[in-house]
Amino acid sequence: MEDLPSEMKDLYKKAKEIILENDDIMIYSHTDCDGISSGAILSTILERIGKDYDIDFVSLDKLEDLPIDHKLTIFSDLGSGQPVEKNATEDSTIIILDHHPPLRDKNYRNTADCNFLEINPMHYGINGTYYICGGGLCYYLAKEFGYSDLSWIGVLSAVGDMQNTHTGKMEGLNKLILQDAINDGLVKRNSDLSLYGRETRPLYVALSYFSDVNLPITNNKTECIALLDELNIPRKKECVEVLNDSIVPVEYKQECESVLVELGIEHKSVNDCISIIEESDISDSLKDDCLTVLRSLGDRFRTLADLDKSEKSRLFSALVKMLSREVPGKYVKYIPKLVAADTFEFLKEDDHTFLRDAAEFSTAMNACVRNNEDFVALDILKGDRDVALDKLNIISRNHRRYLATHIQLIPDMDALVQMDNIQYFDGSNLSTPEDKGKGIRTTVIGTITGMVLSYGDWRKPILGFVPLEDNPNILKISLRCSRLLAYDGVHFGNIIREIARNLGGNGGGHAVACGAYIPIEYKDEFLNDFNESLYGKL
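The present account deals with the structure reproduced in this document. Since this is a predicted model, take the numbers as computed values, not measurements.

### Concerning the sheet that holds strand β1 (residues 25–30)
Part 1 of the argument: What the five strands build is an open sheet, ordered β2-β1-β3-β4-β5; its pairing is parallel. The two strands at the open ends of the sheet, each matched to only one other strand, are β2 (53–58) and β5 (115–119). When the angles between neighbouring strand axes are averaged without regard to direction, this sheet yields 15°.

What follows is the structure, encoded as structure tokens:
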């Protein structure tokens, strides 16, 4: 794909005209990384052209009842699959920028009861699952205004929406957005191992979280350390590297480095160097100065970003061999793209921070959303970070603690139930004393479902469900699965949509991550229908 279809270009020109003509504007966007990214792009456009606006982030179950009180209402990363115009008047104007399956045909605007413009790639034969997401659609609007510097947010939204999971690369319009970001020096694309935590997570820890297939290293840090030792891949950074990356004054760095070189230990870890220096016969004053500096630094563990090409090659080969021994023959051809994929660095961000890597950045944005802190994520995306990053640190710390305690409840309470083709757990039965019997929060049920995949059978999808807090008659269901199942052609988003609709609910999503809302009385019927639907598919 070399460019937008001409009809979509015309719609973007019209959308620009509508925005320039209006001064009473409301933005509604979705509560996930793609939705927050979409909101960041749209609000930045409006600020740059001097327009006042309101913005809110909403979940899909709230969408149909939203008021249309502004002259212009823009829906981003949602709206195509919902009758959002039902509360509009003939004086209302609605713009929808969404990549999900649309309810309306592309000519609906000609017969709508309000001023209506919808830009959805699926109307033009463009895959909305892998070729462009909400943030990408909003970026093309920004580009219409001349703001191509927002392309990096389009890349982030695609990663957050898992648009690159099909082939491990950006495809379709996403590829064009990525190229804009590369051309402007905003993003660097790398071919790398598919391990989460590329910039910040110690390598042996990142390996232990490999969960698409249950391997000896999965949830086993000891095995991960043994694997790295076997491959001659050091786990800790060299002392001289840690020293040079530190904020230690230059004169102390030089003095300490001279000691390391004199003793021939500059390539050892910090703690190893401390032990050797303590036993050395260098002068007491020099020894004390050097030990003070090194003890203040301590060991630093290497991340995936620290490995050289040779080390990554050895690790790639080891993982491929390990996986080849574990998976049935029909999946072997998919192993290379399970192990390696393109990664994306944001070049304006600092090295070894979560903001540098697109996958880690998107996770942080989702952590905000899952904890009802959408506007913290929005501030970080738009560069208002002085206060927002401090808030994010607190959010992330509490988020990790909540996830860890509730994930552990699943094996501790033997909560994972196995059926022939699916496995599931009831999140309403999993609570700590702090929960006061409320069970897992609906905002994190999907996250926890994905993280416990390694506790079950990777050959089957895993489902987690909880009643909605504000409507206990509705059950929220989240599904996650190994990428191998999706590579083999199973699209669980399509399956869950059909089954939910048959039971009076709604659903959808991606091949590997999707969900549904159904009346709670149909829970058992849903599980049975879903299990039956997968015979012959897995």
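### Let's talk about the packing of aromatic side chains
Part 1 of the argument: This model, assessed by the stated rule, comprises 16 aromatic pairs.
Part 2 of the argument: With a centroid separation of 5.9 Å and 45° between ring planes, the pair formed by Trp152 and Phe361 is classed as tilted. On the criterion of sequence distance, the pair formed by Trp152 in helix α4 (residues 151–160) and Phe361 in helix α14 (residues 358–370) is long-range, its members being 209 residues apart. The two residues Trp152 and Phe361 agree in class, both being buried.
Part 3 of the argument: Plain terms: the ring middles of Tyr331 and Trp458 are 5.6 Å apart, the flat faces sit at 65° to each other, and that makes the pair edge-to-face. Remark: Trp458 occurs in the loop between α17 (445–451) and β10 (462–468) and Tyr331 occurs in the loop between α12 (309–326) and α13 (335–339); sequence separation between them is 127 residues.
Part 4 of the argument: Overall, Tyr331 belongs to the buried group, its relative accessible area being 4%.
Part 5 of the argument: Residue classification places Trp458 among the buried positions, given a relative accessible area of 3%.
Part 6 of the argument: An aromatic cluster of three or more residues is present, and its members are Trp152, Phe346, Phe354 and Phe361.

### Section: the pairing of strand β11 (residues 471–480)
Part 1 of the argument: Sheet topology places β10 next to β11; seven bridges connect them, and they run antiparallel. Note that in β11 the partner of Val466 across the bridge is Lys476.
Part 2 of the argument: Sheet analysis places β11 next to strand β13 (residues 513–519), joined by seven bridges and oriented antiparallel. Bridge assignment links Ile474 to a residue of β13, and that residue is Pro519.

### Describing the packing of helix α1 (residues 6–21) against helix α3 (residues 134–144)
Part 1 of the argument: α3 packs onto α1 with a crossing angle of 70° between their chain directions and a minimal axis gap of 10 Å. Between α1 and α3, the angle is such that the two are roughly perpendicular. Judged by the twist between their axes, the crossing of α1 over α3 is right-handed. Note on element contacts: α3 touches α1 through Leu137, Tyr140, Leu141 and Glu144, opposite Met8, Tyr12, Lys13, Ala15, Lys16 and Ile19.
Part 2 of the argument: Grouping the constituent residues of the contact of α1 with α3 by class yields seven nonpolar, no polar and three charged.

### Regarding α14
Part 1 of the argument: For α14, which comprises 13 residues, the first-to-last C-alpha distance of 18 Å matches the rise-based estimate of 18 Å (1.5 Å per residue) to within 8%.
Part 2 of the argument: α14 sits mainly inside the fold: eleven of its 13 residues count as buried.
Part 3 of the argument: Ala358, Glu360, Phe361, Ser362, Ala364, Met365, Asn366, Ala367, Cys368, Val369 and Arg370 are the residues of α14 that are buried.
Part 4 of the argument: Structurally, α14 contributes buried residues whose contacts are with α2 (33–48), α4, β7 (340–346), α15 (374–381), α16 (388–412) and α17.
Part 5 of the argument: Near the N-terminus of α14, the side chain that reaches the backbone nitrogen of Ala359, with its oxygen 3.2 Å away, is that of Asp357.
Part 6 of the argument: One or two positions beyond α14, positive phi appears at Asn372, with a value near 60°.

### Things to note about the pattern of salt bridges
Part 1 of the argument: Following the criterion strictly, the structure yields 27 salt bridges and no others.
Part 2 of the argument: Here Lys13 makes a salt bridge to Glu144, at a shortest N to O gap of 3.7 Å. Residue Lys13 is located in helix α1, and its partner Glu144 is located in helix α3; the two are separated by 131 residues in the primary sequence.
Part 3 of the argument: Owing to a relative accessible area of 25%, Glu144 belongs among the partly exposed residues under this scheme.

### Thoughts on helix α11 (residues 284–297)
Part 1 of the argument: The end-to-end C-alpha distance of α11, which contains 14 residues, comes to 20 Å, matching closely the 20 Å that a straight helix rising 1.5 Å per residue would cover.
Part 2 of the argument: When α11 is considered as a whole, its buried residues turn out to be Lys287, Cys290, Leu291, Val293, Leu294 and Leu297. Buried residues of α11, viewed axially, fall in a sector of 165°; they line one side. Away from the buried face of α11 by more than 90 degrees, exposed residues Asp284, Ser285, Thr292 and Ser296 are located.
Part 3 of the argument: The first or second residue beyond α11 is Gly298, which carries a positive phi of 70°.

### Considerations on the packing of α2 against α3
Part 1 of the argument: At a minimum axis separation of 8 Å, α2 and α3 run at an interaxial angle of 15°. Taken together, the axes of α2 and α3 are roughly parallel relative to one another. Of the two elements, α2 crosses α3, and the hand of that crossing is left-handed. The residues of α3 that touch α2, namely those facing Asp34, Ser38, Ile41, Leu42 and Ile45, are Gly134, Gly135, Cys138, Tyr139, Leu141 and Ala142.

### Let's talk about the environment of Gly505
Part 1 of the argument: Position of Gly505 among the secondary structure elements: in the loop between α19 (492–502) and β12 (506–509).
Part 2 of the argument: Linking Gly505 and Leu475, residues 30 residues apart in sequence, is a C-alpha distance of 9.3 Å.
Part 3 of the argument: Every residue in contact with Gly505, bar those within four places of it in the chain, is listed here: Ala500, Tyr517, Ile518 and Pro519.

The rules behind each value
Residues numbered from 1 in each chain as written. Predicted model: local features only at pLDDT ≥ 70, side-chain atom pairs only at ≥ 80, totals over all residues. Heavy atoms only, no water. Pairing = 2+ DSSP bridges. Helix = DSSP H or I, 4+ residues; strand = E, 2+ residues; numbered from the N terminus. Axes fitted to C-alpha atoms, helices over the stretch in contact; angles between N-to-C directions. Phe/Tyr/Trp six-rings, centres within 6.5 Å; stacked < 30°, edge-to-face > 60°. Buried < 20%, exposed > 50% of the residue type's maximum accessible area, 1.4 Å probe, protein only. Parallel < 35°, antiparallel > 145°, perpendicular 65-115°, else oblique. Left-handed = near helix turned anticlockwise from the far one by under 90°. Contact = heavy atoms within 4.5 Å. Nonpolar A, V, L, I, M, F, W, Y, C, P; charged D, E, K, R; others polar. Expected span 1.5 Å × (residues − 1). Polar contact = N/O pair within 3.5 Å; in protein donor to acceptor, adjacent residues only side chain to side chain. Salt bridge = Lys/Arg side-chain N within 4 Å of Asp/Glu carboxyl O. Arc of directions from axis to C-beta.

By themselves these figures say nothing about function.
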